[in-house]
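# Descriptive structure summary
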Amino acid sequence: MIRIRTFLLPLLLFTLSLLGSFARAAEEPLPVEQAFRVSARAVDDHTVEVRFQIADGYYLYRHRFKFQAEGVTFGEPAIPPGKPKKDDAFGQVEIYRHELVVPVPIVAGKPPFELEVSSQGCADMGICYPPQKQSFTIAAAGADGGSGGFLARALGKSDAPAASAAPTAAAPADDGHDESGRIARLLSGGSTATILLSFFGFGLLLALTPCVFPMIPILSGIIVGHGHAITKGRAFGLSSLYVLGMALTYAAAGVAAGLSGTLLSAALQNPWVLGAFSLIFIVLAGSMFGFYELQLPIALQSRLSDTVNHQGGSPGGILLMGALSALIVGPCVAAPLAGALLYIAKTGNAALGGAALFIMALGMGAPLLLVGVLARSALPKPGPWMEGVKRAFGVMLLGVAIWLVSPVLPSVVPMLAWAGLLVFSAIYLHALDPLPPHASGWQRFWKGFGVLALIAGAALFIGAMAGSRDPLQPLAILRAQAAGAPAAAETKFQRIASVEELDQLLKTSTRPVMLDFYADWCISCKEMERFTFADPAVAKRLAGFQLVQADVTANNDADKALLKRFNLFGPPGIIFFKPGGEERQNLRVVGFQEAEAFGKVLDAAL
């Protein structure tokens, strides 16, 4: 335990100092283009609308606004009343916070033209910015392809991705059902304390998703691998190291993804990496079953005997296992993660975005700390029970190994693997052996459990051989065949592989279009297929759409270009378009969504 403390204490101090630097960076004044986001568009030939997005803790002066354009005469801007303020520099003034929309009437002239917007603002911390002038290209109403987005190129730069030939490049202007957009706005406008508390809550919610479930047997196996002598304090220390490794990796990989536009975890989702990691768990499971012991050479054992056991239980090893688990075991892109990455990509504020991701990962890991301590508490005293517990965790680790490689294998292979795991586990639980004459209650219980495992394994095997590819309903295909009805039809998508293919399809579309970003290694994508798209009410609504799918499993240059086009960092992500190709910018879906909520989005998109 002393070695754990000596390793954990410096790491905790480093983590606290890192969070402190994040907080200090977040409290520093924002660059003017981040504090005051300005965009403009032509509502019609007679009005220009200028929108100011003002960060929390900042404000703009009413009397410092000015709008002008060469060859164009403007009327009096319809600036709404502001909040009165006694200002040391200007006396009694009116100011604006959060958001301001200013309609500017056009008296003479019409778009297109270059609009120059002048403004000035300050921060509550006592810093005032010099007057700013920003130029915007104002196109005629509808000349932007009908995207409805703001054509804002302030000082030659755009707050959204540069516009392209298709109307899909702009980031969402209205969040609506777009959870990731709302979270990005929270980061840009909320206080530091609110942001960090919110992301910790997001992490707790994500802990209940399949992205985190595989980590439970991994951590439990580490604790059990230390044997019955491990204390609760040591179990908590080991669990903390695992969670810290996961959190630091989420923050670092998230910041890198936000700045580069590519998720590292997506690059790791290939057969070689997943196969190697799966093999590690198979080897660890074999050690749990007692087939062999994993140990370092004697020379190193004598030096690290207190910190290394046969399950790779050194503090550094557990920290590394947490890091690898974050990258490989749980690469889900949920709305909070997507929102933080979008914020980092747009603003370049890696400090606040990284802190939010770190806190989110701590929230995801909080239940794992409880799992680690409970795994220790559940350990019985030495004896036959101890071997039984270790073997149970060995089975769990084999399940994790199957889980990892399932996305990159033909669907029949994982079904057969699950069937084999259940059948062999049933045999070890004496499902096929007669009970002794005076069997105890526990013997009867475990035999019953073994019989159930045997039946489930047999059902999976029979279903796989009959052509079923649904491990949750392996015999549904037999029921359908017996009734003379076809099996439930899968949602049919038209596949596209490049931005050019998408542009061509959107130009010729006569129905609303739903674009689904999918990958074989994406757990949430499989959930959407299995639970959301297959829902009868959702399937009925989907019939009104032209369904298009971008398979980004390979994560090649074309896949990255498609993701970047929509400010996405990985699947799942669903984008909606009107007939003719105009994006429904307020209806994005990022991450898994239940059928009922998704149905409401579809209703709004039709």
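None of these values were measured; they are calculated from a predicted model. (Residues numbered from 1 in each chain as written. Predicted model: local features only at pLDDT ≥ 70, side-chain atom pairs only at ≥ 80, totals over all residues. Heavy atoms only, no water.)

## Digging into the packing of aromatic side chains
For the structure shown, the criterion picks out 18 aromatic pairs. Ring geometry for Y58 versus Y129: centroids 6.3 Å apart, planes at 35°, classification tilted. Taken together, the residues Y58 in strand β3 (residues 58-61) and Y129 in the loop between β10 (121-123) and β11 (132-138) connect sequence positions 71 residues apart. Neither Y58 nor Y129 differs from the other in exposure class; each is buried. Here F533 and F598 contribute two aromatic rings whose centre-to-centre distance is 5.8 Å and whose plane-to-plane angle is 55°, an arrangement assigned as tilted. With F533 in helix α18 (residues 523-533) and F598 in helix α21 (residues 595-605), this residue pair connects regions lying 65 residues apart in the sequence. Each member of the pair F533 and F598 is classed as buried. Pairwise contacts between aromatic rings join F493, F533, F545, F576 and F598 into one cluster. (Phe/Tyr/Trp six-rings, centres within 6.5 Å; stacked < 30°, edge-to-face > 60°. Helix = DSSP H or I, 4+ residues; strand = E, 2+ residues; numbered from the N terminus. Buried < 20%, exposed > 50% of the residue type's maximum accessible area, 1.4 Å probe, protein only.)

## Some points on helix α17 (residues 499-507)
Considered for burial, the residues of α17 that qualify are V499, L502, D503, L505 and L506. In an axial view of α17, the angular spread of the buried residues amounts to 165°, which keeps them on one side of the axis. Facing away from the buried side of α17 by over 90 degrees, the exposed positions are E500 and K507. Tucked inside the fold, the buried residues of α17 contact β12 (494-496), β13 (513-518), β14 (546-551), α20 (557-565) and β15 (573-577). (Arc of directions from axis to C-beta. Contact = heavy atoms within 4.5 Å.)

## Some thoughts on the packing of helix α14 (residues 412-428) against helix α15 (residues 441-466)
Their axes nearest at 8 Å, the elements α14 and α15 cross at an angle of 155°. On the basis of the axis angle, α14 is roughly antiparallel to α15. For the pair α14 and α15, the sense of crossing is left-handed. On α15, the residues that touch V412, M415, L416, W418, A419, L422, V423 and A426 of α14 are G450, A453, L454, A456, G457, A458, L460, F461, G463, A464 and M465. Classifying every residue of the contact of α14 with α15 by side-chain character gives 16 nonpolar, 3 polar and no charged. (Axes fitted to C-alpha atoms, helices over the stretch in contact; angles between N-to-C directions. Parallel < 35°, antiparallel > 145°, perpendicular 65-115°, else oblique. Left-handed = near helix turned anticlockwise from the far one by under 90°. Nonpolar A, V, L, I, M, F, W, Y, C, P; charged D, E, K, R; others polar.)

## Here's the deal with the pairing of β14
Taking burial as the measure, the 6 residues of β14 include 5 buried ones, the bulk of the element. Relative to β14, β12 runs parallel, the two sharing 3 bridges. Note that in β14 the partner of Q494 across the bridge is V548. The sheet contact formed by β13 and β14 spans 6 bridges and is parallel. (Pairing = 2+ DSSP bridges.)

## As for unusual backbone geometry
A cis amide bond links P111 with the next residue in sequence, P112, at an omega value of 5°. With respect to the helices and strands, the residue P112 is situated in the loop between β8 (99-108) and β9 (113-119). Phi at N567 is positive, roughly 60°, even though this residue is not glycine. Considering the arrangement of structural elements, one finds N567 in the loop between α20 and β15.

Everything listed is a geometric property; what it means functionally is a separate question.
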